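One-letter residues, chain by chain:
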Amino acid sequence: MRRANWIAGGGVALGAAIAGAATFGASAADNGFNEAQRAEIEALIGQYIEENPDVVFSAVQAAVSKRQAAEEERLKTSVVDNLSKLESVEGGFAAGASAEEARVTVVEFFDYHCGYCKRATGAVMALLDKDPTVRVIFKELPIVTEESREAAKASLAAREQNRYVEFHAAMMRAAGKLTPKRIDRIAEDVGLDVAALRKEMKSPELNAALDRNSELATLVGITGTPTFIVDGEVIPGWNEAKFNELVGAGSDG
């Protein structure tokens, strides 16, 4: 998954642990210890850390786990609060069952240059093919490369020719960068009118739609692709077992 803030959590926690040890020496001075006593305390702290690295590592792990749990809980709450916006077709495309008839609704935020998104595509397409009670809402979130936005606009433009799903799947199967020439070739291969597609891509509404998707992702707390939301349950990244569990769980309700 393309994300930055959770990965940085380990560095933040480690920094906090080191800073805490240094701050202890300063607080010792505030409590009336002289310079020699403070130096001795700091030396003892340093010796303890050197002799007991597992203790420090465990503390860092605990801090990272706590931070991640808090992030996940905030994300879950925010998704529930904004579920109607997330499940809206604005800025994306809905495939499969109608909103009224769907047994389960899957929202996917993705980027055409995201490797994990490409891995997930087969499972998502297979789900649509085999289960007519599933509704999938594709949300373009071009964040990986400069070319991603061009690909996202092309995909949204394909809606006008009723070829979004075919074009989406073909773009996901394509390896490497999706340059304008490659996009045009893929569009032609799936039966799109390339000239009409390019004309539609110039619509200011497409840029506005992508901007709204980005704003929605920021509002909710989505930081990378792919992110799946299955009936309000969040899967950050591609976890096929979890995906199948949540999609399958809907049939029991």
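Rules used throughout
- Residues numbered from 1 in each chain as written.
- Predicted model: local features only at pLDDT ≥ 70, side-chain atom pairs only at ≥ 80, totals over all residues.
- Heavy atoms only, no water.
- Helix = DSSP H or I, 4+ residues; strand = E, 2+ residues; numbered from the N terminus.
- Expected span 1.5 Å × (residues − 1).
- Bend = angle between axes of the 7 residues up to and from the residue.
- Buried < 20%, exposed > 50% of the residue type's maximum accessible area, 1.4 Å probe, protein only.
- Pairing = 2+ DSSP bridges.
- Axes fitted to C-alpha atoms, helices over the stretch in contact; angles between N-to-C directions.
- Core = buried A, V, L, I, M, F, W, Y, C linked by side-chain atoms within 4.5 Å.
- Contact = heavy atoms within 4.5 Å.

Quick notes on helix H5 (residues 115–130)
Line of reasoning, step 1. Taking 1.5 Å as the rise per residue, H5 with 16 residues should run 22 Å; its terminal C-alpha atoms sit 24 Å apart, in good agreement.
Line of reasoning, step 2. The largest bend along H5 measures about 35° and falls at Thr 121.
Line of reasoning, step 3. For H5, the set of buried residues is Cys 117, Ala 120, Thr 121, Ala 123, Val 124, Met 125, Leu 127 and Leu 128.

Some thoughts on unusual backbone geometry
Line of reasoning, step 1. Cis geometry marks the peptide bond from Thr 225 to Pro 226; its omega dihedral reads -5°.
Line of reasoning, step 2. Structurally, Pro 226 can be placed in the loop between helix H10 (204–220) and strand E4 (227–230).
Line of reasoning, step 3. Even without being a glycine, Asn 162 presents a positive backbone phi close to 55°.
Line of reasoning, step 4. When you line up the elements, Asn 162 lands in the loop between helix H6 (147–157) and helix H7 (164–173).
Line of reasoning, step 5. Taking the relative accessible area as the measure of exposure, Asn 162 reaches 65% and is therefore exposed.
Line of reasoning, step 6. A positive phi is found at Asp 231, a non-glycine position, where the angle reads about 50°.
Line of reasoning, step 7. Assignment of secondary structure puts Asp 231 in the loop between E4 and strand E5 (233–236).
Line of reasoning, step 8. According to the relative accessible area criterion, Asp 231 is partly exposed, its value standing at 42%.

Observations concerning the sheet that holds strand E3 (residues 134–140)
Line of reasoning, step 1. Here five strands make up an open sheet; going across it, the order is E1-E3-E2-E4-E5 and the pairing mixed. The sheet terminates laterally at strand E1 (92–96) and E5, the two strands that pair on one side only. Direction aside, the axes of adjacent strands within the sheet are offset by 15° on average.

Quick look at the nonpolar core
Line of reasoning, step 1. Formed by 47 residues in total, the largest nonpolar core has its most connected members in Val 106, Phe 138, Phe 167, Leu 197 and Phe 243.
Line of reasoning, step 2. The dominant element in this core, judged by the number of residues it contributes, is H5, at seven residues.
Line of reasoning, step 3. Excluding anything up to four places from it in sequence, Leu 197 contacts Ala 154, Ala 157, Ala 158, Gln 161, Phe 167, Ala 187 and Leu 192.
Line of reasoning, step 4. Core analysis: the next-biggest nonpolar cluster, separate from the first, contains 13 residues, Val 79, Val 107, Leu 141 and Val 234 among them.

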